Amino acid sequence: TMPTVDDILEHIGEFNFFQKQTFFLLALISVAFTPIYVGIVFLGFTPDHRCLSPGVAELSQRCGWSLAEELNYTVPGPGPVGEPFPGQCRRYEVDWNQSALSCEDPLAGLAANRSHLPLGPCRHGWVYDTLGSSIVTEFNLVCANSWMLDLFQSAVNVGFFIGSMGIGYIADRFGRKLCLLITILINAASGVLMAISPTYTLTLIFRLIQGLVSKAGWLIGYILITEFVGLQYRRTVGIFYQVAFTFGLLILAGVAYLLPHWRWLQLMVTLPNFCFLFYYWCIPESPRWLISQNKNAEAMRVIKHMAKKNRKSLPASLQSLRPGEEVSEKLNPSFLDLVRTPQIRKHTLVLMYNWFTSSVLYQGLIMHMGLAGSNIYLDFFYSALVEFPAAFIIILTIDRIGRRYPWAASNVVAGVACLASVFIPADLQWLKVTVACLGRMGITMAYEMVCLVNAELYPTFIRNLGVLVCSSMCDIGGIITPFLVYRLTSIWQELPLVVFAVVGLMAGGLVLLLPETKGRTLPETIEEAENMQRPRKKKEKRIYLEVKKLDIPLN
């Protein structure tokens, strides 16, 4: 028989110099994706704010007040329950330019009790306590307009959703390399345009375009590197591709600290994308894709290039190629296949829920930290560091203990940590930070586990569709998360954590309904996937046989 790509890789190196170099280059794309995924923490930072009242600054200067005195005399204090910070959105309807106002408690002359003074909305804009700027301070996305900040982050995730839905088809149709370069170009261009957008609407549109192409590009990088390495390296390379994303978090914290103005920050994190266009000369097309398109001569050229880079020779017996097993499968998968049979239906529902919760908790914890944090840059940096142990725990446990128990445990740890941090008093800051980091580590593990296990639970012909449909839930989660975090926080600072705890603990319980896939070969047929948990009852046996009958015409 003619050799497949995997047979050839055994001879020319499954993870040698060529693959290591290519992995490094593609991992940089993973690093550069971070600012789009969680950049909202810095780009959309909301500092303390109060209404700008004309005349207050002059009065303050004339009287020689400190900032604390100015706030005390001129900004409404905490009001009735349900409106904890009226001073951020309402102001006294007072003409501060009157000469009659005294320097000691100027309002005393106007009303016996301050609470009787009329309050009105901020008509003249806001004063922000910050040296830098963000889209919030520039476009005044506070008070009645605060939903626009949620919309900004939701738009990115709408882009992620559409982009990752379409990219599998486009990358199969036009090739990995072309798609990668086009997504990089559009991403870089729209990133720069966003940095110079004069209005909120334009900023939102360009961010949406970045969302449309950036996750798609990230996924193509993922596909490419896993197609270049031998089978036994696929999983580890996939995990380390995600570890590169964590490096991106560390770099983002540093760059954001050095550039507190959002336009400069956005420009700085976008510019590296232009360098990736040089990959046209550095990274070849995937030989697996070329073979699937019957472009065997080109595939052979790429393979010889890989062999040369790896300093290996290609035996003459391997100079001809045959298509891999994927191409001979000409079954048309449909969404119904994911829910038609009982076990696969259960897998689909549990995986969809877990993709959803992993995304909500991961993004939600990062956003909530940006709101609750004392030093936003350090908090962001420390919480990113705990993602490294998460990756190594996965690599150590996944083949020794298995998938189910570490995965369930990581969800439970995340849920318990969220719940615990609600009850930790503010003066125990070190404990709060420790628990928050444990929660972040747990949810990072859960997120990487669901990526891994998803493919192992579906039979070959619906595997890609299964991963696509289930993982699309993480973008749906991302669309909801900003509203969840920012709106619930305005009711009670810790409320999002209570919600996270409930969904996280439920996810941990549901994981235990899935079969263990450690040491199993990937299921080829629906029947094999159905039998992953040994059938318990005769009735189920009968369903399997009927399904098998249904499947015969397809072959």
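For the protein, an unreviewed UniProt entry supplies the name Solute carrier family 22 member 2 and the organism Equus asinus. Under the heading Sequence similarities (unreviewed entry), UniProt records this for the protein: "Belongs to the major facilitator (TC 2.A.1) superfamily. Organic cation transporter (TC 2.A.1.19) family."

This part takes up the state of the cysteines. Counting across every chain of the model gives three disulfides. In this model Cys-63 forms its disulfide with Cys-103; the gap between the sulfur atoms is 2.0 Å. Between Cys-63 and Cys-103, the disulfide has an S-S torsion of -75° and is therefore left-handed. Here Cys-103 lies in the loop between strand 2 (90-92) and strand 3 (119-121) and Cys-63 lies in helix 4 (residues 56-63), a separation of 40 residues in the sequence. With a relative accessible area of 23%, Cys-103 lands in the partly exposed category. A disulfide bridge connects Cys-89 with Cys-143, and the sulfur atoms are separated by 2.0 Å. Handedness here is read from the sign of the S-S torsion; for Cys-89 and Cys-143, about -95°, the answer is left-handed. Here Cys-143 lies in the loop between helix 7 (135-139) and helix 8 (147-174) and Cys-89 lies in helix 6 (residues 86-89), a separation of 54 residues in the sequence.

Here the focus is the pattern of salt bridges. What the rule picks out here adds up to 14 salt bridges. Here Asp-129 ties to Arg-50 by a salt bridge, and the two come within 3.2 Å at their closest N and O atoms. One end of the pair, Asp-129, is in the loop between strand 4 (126-128) and helix 7; the other, Arg-50, is in strand 1 (residues 49-51), with 79 residues separating them in the sequence. Of the residues examined, Asp-129 reaches a relative accessible area of 40% and is grouped as partly exposed. Among the ionic pairs, Asp-475 bridges to Lys-215, the shortest N-O distance being 2.9 Å.

This part takes up the nonpolar core. Residues Phe-380 and Trp-407 are the most contacted members of the largest nonpolar core, which totals 130 residues. Those residues in contact with Phe-380, other than ones at most four positions away along the chain, are Val-38, Val-41, Phe-42, Leu-249, Leu-252, Ala-253, Ile-366 and Met-369. Of all hydrophobic cores here, the second largest spans 12 residues; its members include Val-56, Trp-65, Val-94 and Trp-96.

On the surface, Tyr-169, Ile-170, Phe-174, Leu-178, Ile-182 and Ile-186 cluster together to form a nonpolar patch covering roughly 570 Å² of accessible area. The set of elements that each furnish at least two residues to the nonpolar patch consists of helix 8 and helix 9 (176-195). Position of Tyr-169 relative to the elements: it lies in helix 8.

Rules used throughout
Residues numbered from 1 in each chain as written. Predicted model: local features only at pLDDT ≥ 70, side-chain atom pairs only at ≥ 80, totals over all residues. Heavy atoms only, no water. UniProt positions renumbered as here; feature names shortened; annotations may be inferred. Disulfide = S-S within 2.5 Å. Helix = DSSP H or I, 4+ residues; strand = E, 2+ residues; numbered from the N terminus. Buried < 20%, exposed > 50% of the residue type's maximum accessible area, 1.4 Å probe, protein only. Salt bridge = Lys/Arg side-chain N within 4 Å of Asp/Glu carboxyl O. Core = buried A, V, L, I, M, F, W, Y, C linked by side-chain atoms within 4.5 Å. Contact = heavy atoms within 4.5 Å. Patch = residues over 30% accessible without salt bridge, like charges linked within 9 Å, V, L, I, M, F, W, Y side chains within 5 Å. Areas by Shrake-Rupley, 256 points an atom, 1.4 Å probe, with all protein chains shown as cover.

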